[in-house]
Amino acid sequence: MVSLEPISTVDVPYWHPRTETMPRDELAAWQWEKLRRSLALARNSPFWRERLPADISSLEDYFARVPLLYRKDIMAAQGVAPPYGTMPSTNPGLGSHHHQTSGTSGHPPVRSFDTTRDWTWCVDAYATALYGMGVREHHRGMVAFGYGLFAGFWLMHYALERIGATPVPSGGMDSRARIRLLVDLRVEVLGLTPSYALRLIETAREMGVDLKRDANVKIIMAGGEPRTDLTTDIIAEAFGARVHNAAGTTELGTVNMFECPEKRNACHIIESIVIEEVLDPVTKQPVGYGEQGVRVSTGIGREGLQLFRHWTEDLVVKRPWHECGCGRTWDYLDRGILGRTDDLRKIRGVSVTPTMVEEVVRKFDDVAEYQTILRRVRGLDTIVVRVEPASSQVDNEVLGARIGTAIKNEIGIRPDVEFAEPGTLPRFELKAARFHDEREG
Amino acid sequence: MTNARVELTELQVRQLRDCYRTLRGLAESVGAPGVRAAVRIAVADLHAALEGQALEFDLYTHRWDEESSAHDHTLAS
């Protein structure tokens, strides 16, 4: 008979007290130990075997000798042997979960698989974030998304379950049904994109529901998109809830940071599972605390698809851990992801680039010119395609429907299609400016 | 916010490590599919918890791939 010690009833603010409050020197040693073993496993991967130098002796040596990994490298590796390419360090046949990006960046999607161990690791990282935000086992949580290929909110669903909270699935519901469920079940935790939060607010008003009065949401995890403080304030005020930021990547497999309740906009890096460098976008050299640079991510812990020095394109500013008073020894990203170095735009969690729209619209001979405008319509991020028909003989209604369907099929979002009079849209000789993001500023 | 810390005791650490070692062994030796699946899930769950406490870091699933030992994993899916 194993002797067991009595259960502690202290409500600890950390999911993993040990690694969340480790002294920095111990944390660095733990990271190196995990990285060392991860590098050893990576020898199973043709991609990494070719790319990684032998006998890396320290974290400093790793930063100095391992090349940066760009999206094009991942896509090239994936293209060699679909669906997962030459990167896996463990047989994908041992996977238990598949996810992928939206596939809307003009290229094939980044595909991802997880072994049971990896999926548990990914969920545990998400649980670290949710628990840190204050989610506890007595809560009910709704994840308001379509339960499709996108990994992020699946992880939130399972992280709620792992914490012991009660996930309320709402995948097939429209906004009205979700609001009724939020009210009826007194749901305390809500996960969604900021854009969709605004849409829910608008819908609730149409229904005569005062979310602050009639619902019971206390903690909102609003991720998947950058947001302004104003948007956060609007959401917080409408729900009467604390709105938290979090972010991750399909390439890493899970969240890499979450906003601390102790200090607004302090998004702690989950440094027990990821090593985050911040590099100058041009020189690719490290920048100091408080300086803006590009986030370069190394995953330490995933065994199927590993990630070493991934150039994320995310612009961030890192601040030292002690400037937040929560007791964690994890540095934080001030205001999370500030933007991207490339021209990718996120619409409802889907990545959109100018060329993606162009590739669709240019297939229509009846289109003489067009513009793409990203606009917030009733709180929801929307693609507006303004089309100038080639002649006045074109049936605009038919053309608009065809373009709308084509973009929906290619990009995953149905746009609003507007029409301009022939000859009214600007023409360009150099450097066309057909893509306008009116959500900025 | 309190800065409370809840450290595992030496006894708890020893018991958890014993459990993990036992489960890891069972995960490779049990033949009954239903039991093997349950044990492998238990291994993953316990491993995530131990890793969070900086007690264990083990990349093990590739060891279960008997057929892929002689070649790369790239085309195995």
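Remember, it's a predicted structure, so these values are computed and weren't measured experimentally.

Chemist: What is the right way to look at helix α7 (residues 151-163) of chain A in this model?
Modeler: The α-helix advances 3.6 residues per turn, and as a result positions three or four apart in sequence lie on the same side. Residue and element names in this part refer to chain A. Taking 1.5 Å of rise per residue, the 13 residues of α7 would be expected to cover 18 Å, and the 18 Å separating its terminal C-alpha atoms lies within 8% of that figure. Buried within α7 are the following residues: Ala151, Gly152, Phe153, Leu155, Met156, His157, Ala159, Leu160 and Ile163. Structurally, α7 contributes buried residues whose contacts are with β1 (95-100), α6 (116-133), β3 (140-143), β4 (166-169), β5 (189-192) and β6 (219-223). Just beyond α7, the residue with positive phi is glycine 164, at close to 105 degrees.

Chemist: Help me understand the sheet that holds strand β19 (residues 416-419) of chain A, please; the structure alone is not making it clear to me.
Modeler: What holds strands together in a sheet is hydrogen bonding between their backbones, with the strands either parallel or antiparallel. Residues and elements named next belong to chain A. A sheet is described by the order of its strands in space; here 4 strands give the open sequence β19-β18-β17-β20, paired in mixed fashion. Among the strands making up the open sheet, the edge pair consists of β19 and β20 (435-437). Strand after strand, the sheet turns through a mean of 20 degrees between neighbouring axes, direction not considered. Across 3 bridges, the pairing between strand β17 (residues 367-377) and β20 is parallel. By the bridge assignment for β20, leucine 374 is matched with aspartate 437. Across the sheet, helix α13 (residues 396-411) is in contact with β17, β18 (380-389) and β19; its angle to β19 comes to roughly 145 degrees.

Chemist: Could you clarify how one ought to interpret the interface of chain A and chain B in this entry?
Modeler: Frequently, the measure chosen for interface size is the accessible area that the parts lose on association. With 48 residues of chain A at the interface, the matching set in chain B holds 39 residues. Roughly 3600 Å² of surface becomes buried between chain A and chain B when both sides are summed, with 58% attributable to carbon and sulfur atoms. Applying the counting rule to chain A against chain B returns 3 salt bridges. Applying the counting criterion to the chain A and chain B interface returns 11 residue pairs in polar contact (both at pLDDT 80 or more). The set of elements that each furnish at least two residues to the side of chain A that touches chain B consists of α1 (17-20), α2 (24-41), α3 (46-51) and α6 of chain A.

Chemist: I tried to follow unusual backbone geometry on my own but got confused; where do I start?
Modeler: Among all residues except glycine, the phi angle is most often negative; among peptide bonds, the trans geometry is most common. Residue and element names in this part refer to chain A. Cis geometry marks the peptide bond from proline 82 to proline 83, where omega comes out at 5 degrees. Even without being glycine, asparagine 265 reaches a positive phi, approximately 70 degrees. Of the residues examined, asparagine 265 reaches a relative accessible area of 13% and is grouped as buried. Of note, glutamate 313 is a non-glycine position whose phi angle comes to about 75 degrees, a positive value. With respect to the helices, strands and loops of the structure, glutamate 313 is situated in strand β12 (residues 310-319).

Chemist: So what exactly am I meant to see when it comes to the nonpolar core here?
Modeler: For soluble globular proteins, nonpolar side chains are generally found buried alongside one another. Residue and element names in this part refer to chain A. Ranked by size, the top nonpolar core spans 74 residues in total, and within it Leu35, Tyr126, Leu130, Met156 and Phe308 carry the most contacts. Here the element with the most residues in this core is α6; it accounts for 11 residues. In contact with methionine 156, not counting residues within four places along its chain, are Tyr126, Leu130, Val143, Val189, Leu190, Gly191 and Met221. Among the nonpolar cores identified, the runner-up in size contains 26 residues, and Ala144, Leu211, Val217 and Ala241 belong to it.

Chemist: Just checking my understanding: could you explain the pattern of salt bridges for this structure?
Modeler: Two side chains of opposite charge can pair, provided their charged atoms sit close to one another. Residues and elements named next belong to chain A. Applying the stated criterion to the full structure yields 34 salt bridges over all chains. In this structure, the salt-bridge partner of arginine 117 is aspartate 118, at a minimum N-O distance of 3.0 Å. You'll find arginine 117 and aspartate 118 in the same group, each marked buried. Between aspartate 124 and arginine 162 there is a salt bridge, and its shortest N-O distance comes to 3.2 Å. Highlighted residues: aspartate 124 in helix α6 and arginine 162 in helix α7, separated in sequence by 38 residues. Aspartate 124 gets classed as buried once you look at its relative accessible area, which sits at 7%. Among the residues examined, arginine 162 registers a relative accessible area of 25% and is labelled partly exposed.

Thresholds applied
- Residues numbered from 1 in each chain as written.
- Chains lettered and ligands numbered in written order.
- Predicted model: local features only at pLDDT ≥ 70, side-chain atom pairs only at ≥ 80, totals over all residues.
- Heavy atoms only, no water.
- Helix = DSSP H or I, 4+ residues; strand = E, 2+ residues; numbered from the N terminus.
- Expected span 1.5 Å × (residues − 1).
- Buried < 20%, exposed > 50% of the residue type's maximum accessible area, 1.4 Å probe, protein only.
- Contact = heavy atoms within 4.5 Å.
- Pairing = 2+ DSSP bridges.
- Axes fitted to C-alpha atoms, helices over the stretch in contact; angles between N-to-C directions.
- Buried area = accessible area lost by both parts, 1.4 Å probe.
- Salt bridge = Lys/Arg side-chain N within 4 Å of Asp/Glu carboxyl O.
- Polar contact = N/O pair within 3.5 Å; in protein donor to acceptor, adjacent residues only side chain to side chain.
- Core = buried A, V, L, I, M, F, W, Y, C linked by side-chain atoms within 4.5 Å.

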